[in-house]
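# Summary of the model geometry
So the chains spell out like this:
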Amino acid sequence: DGCPAEEANSLSYRSPVATKAGNMVFVQSRSAQTVCVKDASGKLENKSLEAGGSHSFYGKAPFVVMTFGLGQTDLFFQGYKVKIDNPNAKSIILEEVAF
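This section reports on the structure supplied with the text.

Conventions we followed
Residues numbered from 1 in each chain as written. Predicted model: local features only at pLDDT ≥ 70, side-chain atom pairs only at ≥ 80, totals over all residues. Heavy atoms only, no water. Helix = DSSP H or I, 4+ residues; strand = E, 2+ residues; numbered from the N terminus. Rg over C-alpha atoms; globule rule 2.2 N^0.38 Å. Buried < 20%, exposed > 50% of the residue type's maximum accessible area, 1.4 Å probe, protein only. Contact = heavy atoms within 4.5 Å. Areas by Shrake-Rupley, 256 points an atom, 1.4 Å probe, with all protein chains shown as cover. Lys, Arg positive; Asp, Glu negative; His and termini not counted. Charge placed at Lys NZ, Arg CZ, Asp CG, Glu CD. Salt bridge = Lys/Arg side-chain N within 4 Å of Asp/Glu carboxyl O. 1 Å grid on protein atoms, 1.4 Å probe; cavity = no way out; pocket = protein on both sides within 12 Å on 5 of 7 lines; lining within 4 Å. Points joined across faces, edges and corners; volume = space filled by probe spheres on them.

### Digging into the overall build of the chain
Check the secondary structure of the chain and you find 0 helices and 9 strands. Helices and strands in the chain line up, N terminus first, as β-β-β-β-β-β-β-β-β. Computed over C-alpha atoms, the radius of gyration of the chain comes to 12 Å, within 12% of the 13 Å expected from 2.2 N^0.38 for 99 residues, which places it in the range of a compact globule. Considering only C-alpha atoms, the chain reaches an extent of 35 × 25 × 25 Å along its principal axes. A total of 99 residues make up the chain; the buried ones form 40% of that total. Taking as baseline every contact in the chain between residues at least 6 positions apart, the subset at least 24 positions apart corresponds to 67%. Accessible surface computed for the chain: about 5,200 Å², of which carbon and sulfur atoms make up 51%. Considering the chain, the positive charge centre built from 10 side chains and the negative charge centre built from 10 side chains are found 4 Å apart.

### A look at the pattern of salt bridges
Counted according to the given criterion, the structure contains 5 salt bridges. Residues Lys38 and Glu6 are paired through a salt bridge, measuring 3.3 Å at the closest nitrogen-oxygen approach. Note that Lys38 is positioned in strand E3 (residues 33-38) and Glu6 in the segment before strand E1 (11-14), a separation of 32 residues in sequence. Glu6 gets classed as partly exposed once you look at its relative accessible area, which sits at 34%. Between Arg14 and Glu95 there is a salt bridge; the shortest N-O distance is 3.1 Å. A residue pair is termed long-range when its members are at least 10 positions apart, and Arg14 in strand E1 and Glu95 in strand E9 (residues 91-95) qualify at 81 residues. A residue is classified by how much of its surface remains accessible, and Glu95, at 24% relative accessible area, is partly exposed. Within the structure, one salt-bridge network assembled from shared partners comprises Arg30, Asp74 and Lys81.

### Digging into empty space enclosed by the protein
Tallying each qualifying case throughout the model produces 1 cavity of 30 Å³ or more. Approximately 30 Å³ is the volume found for the largest cavity. Lining the largest cavity, in full, are Val37, Lys38, Asp39, Lys43, Glu45, Phe57, Tyr58 and Phe63. Among the secondary structure elements, those contributing two or more residues to the lining of the largest cavity are E3 and strand E5 (54-58).

Put into structure tokens, the structure is as follows:
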């Protein structure tokens, strides 16, 4: 499917204050890559994005975003841009906060 496996030590992110429901992750890519998103039910969706391309993934939080170019993506969850502390990471868990 073109995506890495979820890392055992995945980064984790929670919005400071939710301004939107936690049922969607918006991904914008700065490079051509495949992005995979798994939701709480185990549903896995993957999307090949061109540089500058974007896609909305819908499901139930928490979401796991997996890609070989995590540092080349802009992720938006619950109304906030997700801060990626380690640009070399290959997966991140997005945890919902009450809306």
